[in-house]
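# A structural walkthrough
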Amino acid sequence: MDAKRWIQLTVNGEEHEVYVEPRRRLLDVLREDLGLTGTKEGCGTGDCGACTVILDGRLVNACLVFAISANGKSVETVEGLATDHLHPIQEAFIQHGGLQCGICTPGFLMSAKHLLNSNPNPTLDEVRFGLAGNLCRCTGYTKIYEAVLAAAKNMREET
Amino acid sequence: MKNFEYFAPETTEEAIRLLDEHGEAAKPLAGGTDLLIFMRDQKITPDVIVDLKGINALSGIEELPDGSVQFGSLTPMQDLAVHPMMRERYPHFISSIREVGSIQVRNLATVGGNICNASPAADTPPTLLTLNAQVRLAGPRGERVIPLREFFVGPGQTALERDEVLTHVILPSPQPRSGGCYIKLANRQAMDIAFVGVSSYVVLDEDHTVVDARIALGAVAPTPLRVDAAETILQGQQLTKEVLSEAGEAAEAASRPITDHRASVEYRRMMVKVLTRRAVLRAAEKARNGNGR
Ligand code: FES
Ligand code: FES
């Protein structure tokens, strides 16, 4: 059975055509076909959030989506965050020590971005709730929350 | 993961035709938050996937002329969770939804999928049962609407025929002086599967006598379960300690849990009793305060 299909994905604003088997997940296509290895695989079962991306404006686990189901949609990954310089959320993670090994970081950054898009001035509780789908095994959460709160503040002051 | 052929119909009719045509080989795909994992682990190996997410008619929330609310089975859980009317009218349903996974998962997961998977431990079915939810099923022989309580047959087994699609869930409008509560017991506070779930819905009269009580259990029987015996005990009563205990015992007696790696039979049964009492009490509190049905 050759069930392969051409699909079209807009990733970080750039259009891509990819020829995929239906069984391949969005996570696989991002990492293997498009070389965007910033999006990580932790569990592969929707539990850890390391694969978090923004799909047509929605925060989702890329390990739970078939790439073919995302045909025609637009995806934001961690690679799209920095422009000439790092994104304020990335800066804040560095400044506040919000990472150690870093495997969870891309997912946290995407969840934080999504949270601050809709809520530029979150309380600590709202940050915790917004990041509840992301697990970190080394940094602990306090520094991550501090980083997100600091980023929120910086972003508010910038605009 | 085994390869498969993929279809993304745009209408329910087309989906039904595809499911009919491919029979046993086909599997409908809703949010995918369970199915993708089952497929990855080769627990389910369909030859054909019929992706329902592209069918616009299966998403959305609307109020029907009789005051009930109908939502599409494919509406992402997150959309329901943030919908002002849903939050206002069915708060304990919304809190049940918020027990499911994370924002990332709820943006994909659907109530239709949660129901059709028929996991005995799913978070939304007990609460939907207490709301007297109905489900709309469409198939080649037409459409039928059945009460959700007739839908669950066994673990993973439902009244849905292979070529049918669950298109909508209908929730009757909540009554005045009513309150609901869902209590989930799991090892972790988030991202975990219930080992006991109890949902309650209570309607009181002006003297706080129970006019209607509904109790449903999750994770303690082959299907999500309404416990009529406990409900009858509460009917027409003041919620005294004795009445509540009796209802808790009736719920415990109706439960048929198993022992697995999450919890033992003994512990589950004991918790059914305790949580039934607690869930009824909390629902009644909300009914009295008029701040949460
Ligand atoms: S890899 Fe997707 S949630 Fe863990
Ligand atoms: S920094 Fe290592 S898992 Fe979070």
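Residues numbered from 1 in each chain as written. Chains lettered and ligands numbered in written order. Predicted model: local features only at pLDDT ≥ 70, side-chain atom pairs only at ≥ 80, totals over all residues. Heavy atoms only, no water.

## Some points on unusual backbone geometry
Residue and element names in this part refer to chain B.
- In this structure, Ala118 takes a positive phi of about 55 degrees despite not being glycine.
- Positionally, Ala118 belongs in the loop between helix 7 (111-117) and helix 8 (124-130).
- Taking relative accessible area as the criterion, Ala118 reaches 1% and is therefore assigned buried.
- Backbone geometry at Arg177 places phi at a positive 50 degrees, although glycine is not the residue there.
- On the secondary structure map, Arg177 appears in the loop between strand 10 (165-171) and strand 11 (178-185). (Helix = DSSP H or I, 4+ residues; strand = E, 2+ residues; numbered from the N terminus. Buried < 20%, exposed > 50% of the residue type's maximum accessible area, 1.4 Å probe, protein only.)

## Things to note about the interface of chain A and chain B
- Taken together, the contact between chain A and chain B spans 31 residues of the former and 28 residues of the latter.
- Carbon and sulfur atoms supply 60% of the area that chain A and chain B bury against each other, a total of about 2500 Å² over both sides.
- The largest per-residue losses of area from chain A upon contact with chain B belong to Arg58(A), Leu64(A) and Phe66(A), which jointly make up 25% of the total buried on that side.
- When residues of the side of chain A that touches chain B are traced back to their parent elements, those giving at least two are strand 4 (58-61) and helix 4 (124-130) of chain A.
- Ranked by the residues each element gives to the side of chain A that touches chain B, the list is headed by strand 4 of chain A, at four residues.
- Of the residues assigned to the side of chain A that touches chain B, the class counts are 13 nonpolar, 11 polar and seven charged. (Contact = heavy atoms within 4.5 Å. Buried area = accessible area lost by both parts, 1.4 Å probe. Nonpolar A, V, L, I, M, F, W, Y, C, P; charged D, E, K, R; others polar.)

## Observations regarding the nonpolar core
- Grouped together as the largest cluster of nonpolar side chains are 65 residues, with contacts concentrated most on Leu26(A), Phe93(B), Val111(B), Ile115(B), Val169(B) and Leu171(B).
- Counting 34 residues, the second-largest nonpolar core is a separate cluster that includes Val198(B), Ala221(B), Val227(B) and Val243(B). (Core = buried A, V, L, I, M, F, W, Y, C linked by side-chain atoms within 4.5 Å.)

## Considerations on the sheet that holds strand 5 (residues 69-72) of chain B
Residue and element names in this part refer to chain B.
- Taken together, five strands build an open sheet; the order of strands is 4-5-10-6-7 and the sheet is antiparallel. This sheet does not close on itself; its edge strands, each paired only once, are strand 4 (61-63) and strand 7 (142-147). Averaged over all pairs of adjacent strands, the angle between strand axes in this sheet comes to 25 degrees, irrespective of strand direction.
- For strand 6 (residues 134-139) and strand 7, the ladder comprises six bridges, and the chain directions are antiparallel. Within strand 7, the residue paired with Gln134 across the bridge is Pro147.
- This element, helix 1 (residues 12-22), spans strand 6 and strand 10 of the sheet and lies at about 130 degrees to strand 10. (Pairing = 2+ DSSP bridges. Axes fitted to C-alpha atoms, helices over the stretch in contact; angles between N-to-C directions.)

## Overview of the packing of helix 10 (residues 241-254) of chain B against helix 11 (residues 265-289) of chain B
All names here are of chain B.
- Packing of helix 10 against helix 11 brings their axes to within 8 Å, and their N-to-C directions diverge by 135 degrees. Classed by the angle they form, the pair helix 10 and helix 11 counts as oblique. As for how helix 10 packs across helix 11, the hand of that crossing is right-handed. Residues Leu244, Ser245, Ala247, Gly248, Glu249, Ala251, Glu252 and Ala253 of helix 10 lie in contact with helix 11, whose contacting residues are Arg269, Val272, Lys273, Thr276, Arg277, Val280 and Leu281.
- In terms of residue class, the contact of helix 10 with helix 11 is built from seven nonpolar, three polar and five charged. (Parallel < 35°, antiparallel > 145°, perpendicular 65-115°, else oblique. Left-handed = near helix turned anticlockwise from the far one by under 90°.)

## Notes on the sheet that holds strand 4 of chain A
All names here are of chain A.
- Taking strand neighbours across the sheet as the criterion, the five strands line up as 2-1-5-3-4 in an open arrangement whose pairing is mixed. Unpaired on one side and paired on the other, strand 2 (14-20) and strand 4 mark the two borders of the sheet. Across this sheet, the average inter-strand angle for adjacent strands is 40 degrees, counted without regard to direction.
- When strand 3 (residues 52-55) meets strand 5 (residues 74-76), the two strands line up antiparallel, connected through two bridges.

## Section: the domain arrangement of chain B
All names here are of chain B.
- Assigned domains of chain B: these are domain 1 (5-51), domain 2 (56-171) and domain 3 (178-289).
- Here the C-alpha centre of domain 2 lies 19 Å away from the C-alpha centre of domain 1.
- Facing 14 residues of domain 1, the contacting portion of domain 2 comprises 17 residues.
- A buried area of about 1100 Å², summed over both sides, lies between domain 1 and domain 2, and 63% of it is on carbon and sulfur atoms.
- For domain 1, the biggest contributors to the area lost against domain 2 are Thr12, Ile16 and Thr33; these three give 39% of the whole.
- One salt bridge in this structure joins Glu24 and Arg162, with 3.4 Å as the shortest N-O distance.
- Residue contributions to the side of domain 1 that touches domain 2 peak at five residues, all from helix 1. (Domains from an automatic or database assignment. Salt bridge = Lys/Arg side-chain N within 4 Å of Asp/Glu carboxyl O.)

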